[in-house]
Amino acid sequence: MTGFPRYAIYFSAGADSALSCFGAELLGYDAYTGDEVSFPQEALRVAPDWRDITADPRKYGFHATLRAPMTLVSGRTEAELMAACATFAGQSRTIPVIRPVVDTISGFIAVIPAAPVDALQQFAADCVHEFDSIRAALTAEDRARRKPEKLTERQRDYLDRWGYPYVMEEFRFHMTLTGRLDAERRGPILEMLRARFASLRLGALAIDRLALFKQDDAKARFRIIGEWALTR
């Protein structure tokens, strides 16, 4: 079995940001507080089964993955991981800025960049490298759960080397809003989500912080236990 607790290093927009509130309402869960959040009525009108549609992303909270969920290697502690996050955030770097849009990615709907941003790809790769030494190796069960037979050769190589297949060139920044949807369902839901997102008037989004999420056990949702602003 996968070990617990599990930790993930994600981007989250800040507890008081309009984007975080937007995501928490749609997922029905605030990872900053651990509280349930009421769904918007318009989401329920478009999809009465909205709770089911958002069940998978709700477990993780509204975020973008930088370092995928992992258990700590034997002998390393949560305090050491938090210290590593603080050190990494304190390193001077170019802060990636994206133009966020709501669109479909691999069958689900998410907030994604309108165009690739080199600084963002580099930042994500740096996160993978920086925290790899504290990550426990994948178990055979963990690896099988990723369905390696359905991955490309490069993705399988990344899974075995880094514990996650969607890193480096395979990384795609996304803040998930739904689970996978059949093509005939996506249209009305995408239209509703785009209209709600437009009301935020968020023309640019700085990827200017990282957050440490923790999952205590297999039944628990991830929650934020630390957050660090990046140094410019």
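So, here is what we can say about the structure in this document. These numbers were taken from a predicted model, which means no experiment stands behind them.

### Quick look at the pattern of salt bridges
Now for step 1: The final tally for this structure, using the stated rule, is 20 salt bridges.
Now for step 2: Taking the shortest distance from any N to any O, the salt bridge between Arg 76 and Glu 80 comes out at 3.4 Å.
Now for step 3: You can call Arg 76 partly exposed: its relative accessible area is 35%.
Now for step 4: A relative accessible area of 33% places Glu 80 in the partly exposed class.
Now for step 5: As a salt-bridge pair, Asp 132 and Arg 135 come within 2.9 Å of each other at their nearest N and O atoms.
Now for step 6: With a relative accessible area of 13%, Arg 135 lands in the buried category.
Now for step 7: A cluster of three or more residues bridged by salt bridges with shared partners is formed by Arg 67, Asp 132, Arg 135 and Arg 161.

### A closer look at the side chain of Gln 215
Now for step 1: Structurally, Gln 215 can be placed in strand 10 (residues 209-215).
Now for step 2: Owing to a relative accessible area of 6%, Gln 215 belongs among the buried residues under this scheme.
Now for step 3: From its side chain, Gln 215 meets the backbone oxygen of Asp 217 in a polar contact 3.4 Å long.
Now for step 4: What Gln 215 contacts, discounting residues up to four positions off in sequence, is Phe 4, Pro 5, Arg 6, Ala 220, Arg 221 and Phe 222.

Criteria and thresholds
- Throughout this description, residue numbers start from 1 for each chain and increase along the sequence as written.
- Two thresholds apply to this predicted model, a pLDDT of at least 70 for residue-level local features and 80 or more for giving and counting side-chain atom pairs, whereas whole-chain, interface and lining totals are computed over all residues.
- The side-chain figures draw on all heavy atoms in the structure; neither hydrogens nor water molecules are used.
- We count a salt bridge whenever a side-chain nitrogen from Lys or Arg sits within 4 Å of a carboxyl oxygen from Asp or Glu.
- For every residue, the accessible area (1.4 Å probe, protein chains only) is compared with the maximum for its type, and the residue is labelled buried under 20%, exposed over 50%, or partly exposed between those bounds.
- Only DSSP runs of H or I reaching four residues or more are called helices, and only runs of E reaching two or more are called strands; each is numbered from the N terminus.
- What qualifies as a polar contact is a pair of N or O atoms within 3.5 Å, subject to a donor-acceptor requirement within protein and to the restriction that residues adjacent in sequence count only when both atoms come from side chains.
- In what follows, residue pairs with any heavy atoms lying within 4.5 Å of each other are defined as contacts.

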